[in-house]
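A closer look at the structure
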Amino acid sequence: MVVNPSDTNSDDCKDEKQIPMVQEDVYQSLDVNGLFLLLLGLIRRVSFFVDAHDDKVLRFVGFDDELTNDPTYGLVGNLITIKPENSYKLYANGPIVLNYSGEAEDPEYYTITLQNGWNWIGYLPVTALPIAEALRGHLPLENDLVKTQDAFATYYDGAWTGTLTEMRPGEGYMYFSGRIASFNYPKVYPEDNRPNMAPRTDGNENDTPWTYDAHQYPDNSALIGRLYVNEQTDEEGNFIVGAFCGDECRGIGKNINGYVFMTIHGSLSEEQTITFRAYDVNTEAEYDISEHINFAGENIGTMGTPMELHVSGTTRISAIKAGLSISPRPIQTKLYINGDTEQIKSVRILAANGRKVLETTGYDLNGIDVGSLLPAMYVVVIECNDGHVYYDKVFKK
């Protein structure tokens, strides 16, 4: 989670917020500046934010300092205070709710300094703003990039373009700058004098069989690409591109003006090869993409020189067709497959992050025992003897 603390000196902007912090091993964008952590003043000790949850906080990381949870001494390290102009990563081993209250700081009081390269910045205004308005005090260079945990935008041809359209209180940001610069956020008040902290949706809202967990890994890469199908670019978005490490989905792209914008999740602490797949939204067929990369946490491609992605002729899987169906819906203790089940070679059930949670060889007419699965959305992958692979999304009650 990327944390961001912010405040404006206005008695009209007092509020108390509960910030849900997502899952484990994860880095949640709790921007200790943009987190509308109304700090009652200028700077707070880290303990103000994490002491009540020190059993779940594994690491609290700044750009060049951090705290680590020692089993004997608790949180130890050189990160002492949280500054509103910075953002931070928080790693938790379970869900957390943080409560903050106080008076917001004046965003015009804090100057955000950008170095050439990556910068971890907070967001101080108490309302969400379009990127261009939030950064109106800054003159970006071509290919500058701002990102949060699962979205990003790049500056090209005089405008910000990408999956990130606005900056919000409660989020931390990473800004890639082509030069040394500084700016101040504008002082803006929400109409109802309350901070806008609506949760941001992730890339799982799509028509593919893929799902991923943006909080599972601490690092990400921003990819800008162009998809080629039979040597023609996919201008209309007839295909959706997914990134994979093995069979685990690490990100799903979005077509914006003929370009693929995708946040790819991973960890810099280990070598990871990322492959790509394309899903035809019209035929519901899945194809391999020829290119692959090694995950490095860096920007991949620009609007001027996007990464080329070429669809190969290999069909992978398609949506379940007539002749096979899954019941009941939602599933509870048993999952049944109806139809010509003698053709089934194997059945796999995948969790939201692509992890395999259950697998059978063939299919037993007594059904598949799913009683041990937690309530959630799952993907059922059915492989047939003729080599065809089908999928369906099911909800476990």
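That block above? That's the structure.
In what follows, the accompanying structure is described.

What follows concerns the overall build of the protein chain. Broken down by element type, the protein chain carries 2 helices and 35 strands. Residue pairs in contact within the protein chain that sit at least 24 positions apart in sequence constitute 73% of those at least 6 positions apart. Of the roughly 17,700 Å² of accessible surface on the protein chain, 46% is carried by carbon and sulfur atoms.

Our next topic: the nonpolar core. Counting 22 residues, the largest nonpolar core has I131, L135, V146, W160, M167 and Y185 as the members making the most contacts within it. Within the residue set of this core, elements represented by two or more residues are β11 (112-114), α2 (131-134), β15 (152-156) and β18 (173-177). Excluding residues within four positions of it along the chain, L135 makes contact with W160, M167, Y175, F183 and Y185. L335, V347, Y378 and I382 belong to the second largest nonpolar core, which has 21 residues in total.

Another point: the sheet that holds strand β30 (residues 334-339). Spatial ordering of the open sheet is given by β29-β30-β33, a layout of 3 strands whose pairing is antiparallel. Pairing within the sheet leaves two strands with one partner each, and these edge strands are β29 (324-327) and β33 (368-369). One ladder, built from 4 bridges, connects β29 with β30; its direction is antiparallel. If you follow S325 over to β30, its bridge partner there is N338.

Where charged atoms from two side chains of opposite charge come close, those side chains can pair. The final tally for this structure, using the stated rule, is 12 salt bridges. Notably, a salt bridge pairs E286 with R277, separated by 3.2 Å at the nearest N-O pair. Summarising the burial analysis for this pair, E286 and R277 share the class buried. K345 is paired through a salt bridge with E383; the nearest N and O atoms lie 4.0 Å apart. Placement of K345 in strand β31 (residues 344-350) and of E383 in strand β34 (residues 376-384) is noted, with a sequence separation of 38 residues between them. Residue K345 is classed as partly exposed on the basis of its relative accessible area of 43%.

Scoring rules and cut-offs
- Residues numbered from 1 in each chain as written.
- Predicted model: local features only at pLDDT ≥ 70, side-chain atom pairs only at ≥ 80, totals over all residues.
- Heavy atoms only, no water.
- Helix = DSSP H or I, 4+ residues; strand = E, 2+ residues; numbered from the N terminus.
- Contact = heavy atoms within 4.5 Å.
- Areas by Shrake-Rupley, 256 points an atom, 1.4 Å probe, with all protein chains shown as cover.
- Core = buried A, V, L, I, M, F, W, Y, C linked by side-chain atoms within 4.5 Å.
- Buried < 20%, exposed > 50% of the residue type's maximum accessible area, 1.4 Å probe, protein only.
- Pairing = 2+ DSSP bridges.
- Salt bridge = Lys/Arg side-chain N within 4 Å of Asp/Glu carboxyl O.

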